[in-house]
Amino acid sequence: GWFARRHICYVRWVMLRYARILAVVVVVALVVVVGVWGGLRYLEHRWTFIPDKYDPKAPWQIPENVAEVSFPTSDGVRLHGWFRPGQAPRNGVTVLLMLGRTGKLPTFKYEIDAMQKRGFDLLLYNYRGYGKSEGTTLSEATLALDGKAALRYLTEERGVAPTSIAFVGISLGAAVAVDLATTSFCRAVVLIGAFASLKQAAKHARPWIPDFLLDHLESPFDTVSKIPGVNCPVLLVHGESDKIFPLAQAQEIYDAAPQPKRLIVVPDAGHWRPTRSDNSYLDQVASFMVTGR
């Protein structure tokens, strides 16, 4: 009777109250998860890609004999680059240079001159959102599209044979070069200042980030896993004192790479541009791109 009805009402009130509390807890948990996930994506993008846009108020000084070129990606973004023919006697090899996460084309005048003097034709380009290139770099996937577009420009617009093209990647560009070399024929792939994966690079730079977050990166850049699938000889060049990506990461890539392969460790040198005082390693790089060993 009366007692049973009162008891039922009380039970319903308790269930409704706790249901509301549970709903609040669930909503708060979802907000926290979405916030952490979104924060991870934001930080990953901000730390990985640092585009330096072209400023018309500070025009670039274009090196002698360099032609400005542009070409489209498969998703309709137009990229900008420089092409420079090698100095005579040319060796018949074209270098496709893929840059790091920062920098403008003029930053690499040293590399441009070094390749030109050694008889290499050279194409270097800016990823989307960098320099004069259109669009925005969003992920590892968009970098891959940009690399394929640059290779397509060389093979289709300039008629360069794929087997005479050497992919050279600097820092982040090393990951782009490896990705391209797993799907395209090439003469050689040269990795300067490479990192094993974005997870390992992040663990070295920011050890406080928990592993379970690093296991869900949008752009893993897992070069160690990809390197066994390259279709050409592999050369790694790494500074002995590289504090950004320690030598151990290059060694891990080297161990996973197929033959033929080679590792050049530049003594007392840092990241990506190992040294200007002793550039003898550049002669070894040049020889490898021509001979494959």
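Residues numbered from 1 in each chain as written. Predicted model: local features only at pLDDT ≥ 70, side-chain atom pairs only at ≥ 80, totals over all residues. Heavy atoms only, no water.

**A look at the environment of Ala256**
Then, in step 1: Looking at the secondary structure, you find Ala256 in helix H8 (residues 247–256).
Then, in step 2: C-alpha separation for the pair Ala256 and Ser225, spaced 31 residues apart in sequence, amounts to 7.7 Å.
Then, in step 3: In this view, Ala256 contacts Val224, Ile227 and Pro228; residues no more than four positions away in its chain are not counted. (Helix = DSSP H or I, 4+ residues; strand = E, 2+ residues; numbered from the N terminus. Contact = heavy atoms within 4.5 Å.)

**Digging into the packing of aromatic side chains**
For any two aromatic rings, the description comes down to two numbers: the centre-to-centre distance and the angle of the planes.
Then, in step 1: Under the counting rule described, the total for this entry stands at ten aromatic pairs.
Then, in step 2: Aromatic rings pair up to connect Phe71, Tyr125, Tyr127, Tyr130 and Tyr153 into one cluster.
Then, in step 3: Looking at Arg158, its charged tip hangs above the ring of Phe83, at a distance of 3.7 Å from the centre. (Phe/Tyr/Trp six-rings, centres within 6.5 Å; stacked < 30°, edge-to-face > 60°. Lys NZ or Arg CZ within 6 Å of the ring centre and 35° of its normal.)

**Side note on the nonpolar core**
Then, in step 1: One finds Leu96, Met98, Tyr125, Phe167 and Leu191 to be the most contacted residues of the largest nonpolar core, which totals 53 residues.
Then, in step 2: When residues of this core are assigned to their parent elements, the largest contribution, eight residues, is made by helix H4 (residues 172–181).
Then, in step 3: In this structure Phe167 touches Leu96, Met98, Leu151, Ala177, Leu180, Ala181, Ser184, Phe185, Cys186, Ala188, Val189 and Val190, once residues within four positions along its chain are discounted.
Then, in step 4: Counting residues in each nonpolar core, the second largest holds 32 residues, with Val93, Ile192, Val237 and Ala286 among its members. (Core = buried A, V, L, I, M, F, W, Y, C linked by side-chain atoms within 4.5 Å. Buried < 20%, exposed > 50% of the residue type's maximum accessible area, 1.4 Å probe, protein only.)

**Observations regarding the pattern of salt bridges**
Should the charged atoms of two oppositely charged side chains come close, the side chains can pair.
Then, in step 1: For the structure on display, the rule yields eleven salt bridges.
Then, in step 2: Residue Asp283 pairs with Arg118 through a salt bridge whose shortest N-O separation is 3.0 Å. Separated by 165 residues along the polypeptide, Asp283 in helix H9 (residues 280–291) and Arg118 in the loop between helix H2 (109–117) and strand S4 (121–125) bring together distant segments of the chain.
Then, in step 3: Put simply, Asp179 and Lys226 hold a salt bridge, and the shortest N to O gap is 2.8 Å. Here Asp179, found in helix H4, pairs with Lys226, found in helix H7 (residues 223–226); they are 47 residues apart in sequence, far enough to count as distant.
Then, in step 4: The partly exposed category is assigned to Lys226, whose relative accessible area is 25%. (Salt bridge = Lys/Arg side-chain N within 4 Å of Asp/Glu carboxyl O.)

**Quick word on the environment of Ala205**
Then, in step 1: Among the secondary structure elements, Ala205 is positioned in helix H5 (residues 198–205).
Then, in step 2: Look at Ala205 and you get partly exposed, because its relative accessible area is 47%.

**Here's the deal with the state of the cysteines**
As used here, a disulfide is simply a covalent bond connecting the sulfur atoms of two cysteines.
Then, in step 1: Throughout the structure, instances matching the rule amount to one disulfide.
Then, in step 2: Between the sulfur atoms of Cys186 and its disulfide mate Cys232 the distance is 2.1 Å. Taking the sign of the torsion about the S-S bond as the criterion, the disulfide between Cys186 and Cys232, at about -50°, is left-handed. Pair noted here: Cys186 is in the loop between H4 and strand S6 (188–192) and Cys232 is in the loop between H7 and strand S7 (234–239), with a separation of 46 residues, a long-range link. Of the two residues examined, Cys186 and Cys232, each falls in the buried class. (Disulfide = S-S within 2.5 Å.)

**Quick notes on the sheet that holds strand S1 (residues 67–72)**
Two strands in a sheet stick together by hydrogen bonds in their backbones, pointing the same way (parallel) or opposite ways (antiparallel).
Then, in step 1: Here we have eight strands laid out as an open sheet, ordered S1-S2-S4-S3-S5-S6-S7-S8, and mixed in their pairing. The open sheet has two edge strands, S1 and strand S8 (261–266), and neither has a second partner. Going across the sheet, the axis of each strand differs from the next one's by a mean of 20°, ignoring polarity.
Then, in step 2: Looking at chain direction, S1 and strand S2 (residues 78–84) are connected through six bridges and run antiparallel. Residue Ala67 lies in a different strand from S2, and its bridge partner there is Phe83.
Then, in step 3: This element, H2, spans S2, strand S3 (94–98), S4 and strand S5 (165–170) of the sheet and lies at about 45° to S2.
Then, in step 4: Relative to the sheet, H8 contacts S6, S7 and S8, its axis offset from that of S8 by approximately 170°. (Pairing = 2+ DSSP bridges. Axes fitted to C-alpha atoms, helices over the stretch in contact; angles between N-to-C directions.)

**Thoughts on H2**
Then, in step 1: Taken as a whole, H2 has its buried residues at Glu111, Ile112, Asp113, Ala114, Met115 and Gln116.
Then, in step 2: Close packing links the buried residues of H2 with S2, S3, S4, S5 and H9.
Then, in step 3: Directly after H2, the chain includes Gly119, whose backbone phi takes a positive value near 85°.

**So, the pairing of S6**
Then, in step 1: Burial of S6 is extensive: five of the five residues sit out of reach of the surface.
Then, in step 2: In S6, alternate side chains face the same way, and those of Ala188, Val190 and Ile192 on one face and Val189 and Leu191 on the other are all buried.
Then, in step 3: Bridge analysis of S5 against S6 gives five bridges, and the strand direction is parallel. Paired with Ala166 across the two strands is Ala188, which belongs to S6.
Then, in step 4: Between the parallel elements S5 and S6, the chain passes through H4 in a crossover that is right-handed. (Right-handed = clockwise from strand over helix to strand, strands pointing away.)

**Things to note about H8**
Every α-helical turn comprises 3.6 residues, leaving residues that sit three or four positions apart pointing alike.
Then, in step 1: If you check which residues of H8 are buried, you get Gln249, Ala250 and Ile253. Projection of H8 onto a plane perpendicular to its axis shows the buried side chains occupying an angular sector of 100°, all on one side. For H8, the exposed residues set more than 90 degrees away from the buried face come down to Ala248 and Asp255.
Then, in step 2: Structurally, H8 contributes buried residues whose contacts are with S6, H5, H7 and S7. (Arc of directions from axis to C-beta.)

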